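Chain residues, written in single-letter form:
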Amino acid sequence: TELINHLVSLARLQEQPTFTIEPVNVSQVTNKVADGMANVAKGDGHHFSKQVAPGLMINADENYFYELVSILLDNANKYCDPDGEVSVALRLSKRKKGVILTVTNSYAKGDQVDFNRFFERFYREDKARTVNKKAGFGIGLSMAQMIVRNFGGKISAHYADGKISFVAAFKAVNNKKK
């Protein structure tokens, strides 16, 4: 049932869904998701941290942005090394024209991973993950990519210093509506 629900959600994202695109305070949304995930991560034996700049706004659909942050944090928690770290950061870009969402987790085997394929539907790099009780279906990152694209942003994966990061960049808006 969970797989079917994810597939239906992904299909809707690809069919040009009806988004309510408006200025959204993504700082508030990110904090809400992060606060909910902190106890889950700690319960799984991971260290959790967040750095969220206040009042950051982008044009988005608030519910889908919530889903995006949830997908990325859930993924980071699932595939974090034992006693590793999960973190989320939201900040303005250096030129202050964009908002950057970064979700990072410890992943010692990351230097052996093909990051170019992470956003492919059903892609599972680490076969050992499929026996993980918390393993998903390999479509969450594909859904995240579709959400980011529908907001006019870009998402990528990077590996450095034993950590994998998913970075989503969006155009900032100055409207303080919410």
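Residues numbered from 1 in each chain as written. Predicted model: local features only at pLDDT ≥ 70, side-chain atom pairs only at ≥ 80, totals over all residues. Heavy atoms only, no water.

1. Quick look at unusual backbone geometry
Turning to step 1, where the next piece is worked out: Positioned with a positive phi, Asp83 is a non-glycine residue whose angle comes to about 60 degrees.
Turning to step 2, where the next piece is worked out: Within the secondary structure, Asp83 sits in the loop between α3 (62-78) and β4 (85-92).
Turning to step 3, where the next piece is worked out: By relative accessible area, which is 56% here, Asp83 ends up exposed.
Turning to step 4, where the next piece is worked out: A positive phi is found at Asp161, a non-glycine position, where the angle reads about 50 degrees.
Turning to step 5, where the next piece is worked out: Its place among the elements puts Asp161 in the loop between β6 (154-160) and β7 (163-171). (Helix = DSSP H or I, 4+ residues; strand = E, 2+ residues; numbered from the N terminus. Buried < 20%, exposed > 50% of the residue type's maximum accessible area, 1.4 Å probe, protein only.)

2. Some words on helix α2 (residues 26-43)
Turning to step 1, where the next piece is worked out: The end-to-end C-alpha distance of α2, which contains 18 residues, comes to 26 Å, matching closely the 26 Å that a straight helix rising 1.5 Å per residue would cover.
Turning to step 2, where the next piece is worked out: Among the structural elements, β1 (22-25), β2 (47-52), β3 (57-60), α3, β4 and β5 (98-106) are those in contact with the buried residues of α2.
Turning to step 3, where the next piece is worked out: If you check the start of α2, you find a side-chain oxygen 3.0 Å away from the backbone N of Ser27, and it comes from Asn25.
Turning to step 4, where the next piece is worked out: Looking at the residues trailing α2, positive phi occurs at Gly45, about 85 degrees. (Expected span 1.5 Å × (residues − 1). Contact = heavy atoms within 4.5 Å. Polar contact = N/O pair within 3.5 Å; in protein donor to acceptor, adjacent residues only side chain to side chain.)

3. Regarding the nonpolar core
Turning to step 1, where the next piece is worked out: Judged by nonpolar contacts, the single largest core of 45 residues is most densely connected at Phe48, Phe65, Leu68, Leu72, Leu73 and Leu101.
Turning to step 2, where the next piece is worked out: For Leu72, the contacting residues outside a window of four places in its chain are Leu101, Val103, Leu141, Ala144, Ile155 and Phe166. (Core = buried A, V, L, I, M, F, W, Y, C linked by side-chain atoms within 4.5 Å.)

4. Quick notes on helix α4 (residues 140-150)
Turning to step 1, where the next piece is worked out: Among the 11 residues of α4, eight are classified as buried, and the element is accordingly described as predominantly covered.
Turning to step 2, where the next piece is worked out: When α4 is considered as a whole, its buried residues turn out to be Leu141, Ser142, Met143, Ala144, Gln145, Met146, Ile147 and Val148.

5. Quick notes on the pattern of salt bridges
Turning to step 1, where the next piece is worked out: This model, assessed by the stated rule, comprises three salt bridges.
Turning to step 2, where the next piece is worked out: Taking the shortest distance from any N to any O, the salt bridge between Asp74 and Lys78 comes out at 3.1 Å. On the criterion of helical spacing, the pair formed by Asp74 and Lys78 is a turn pair, its members being four residues apart in helix α3.
Turning to step 3, where the next piece is worked out: Among the residues examined, Lys78 registers a relative accessible area of 22% and is labelled partly exposed. (Salt bridge = Lys/Arg side-chain N within 4 Å of Asp/Glu carboxyl O.)

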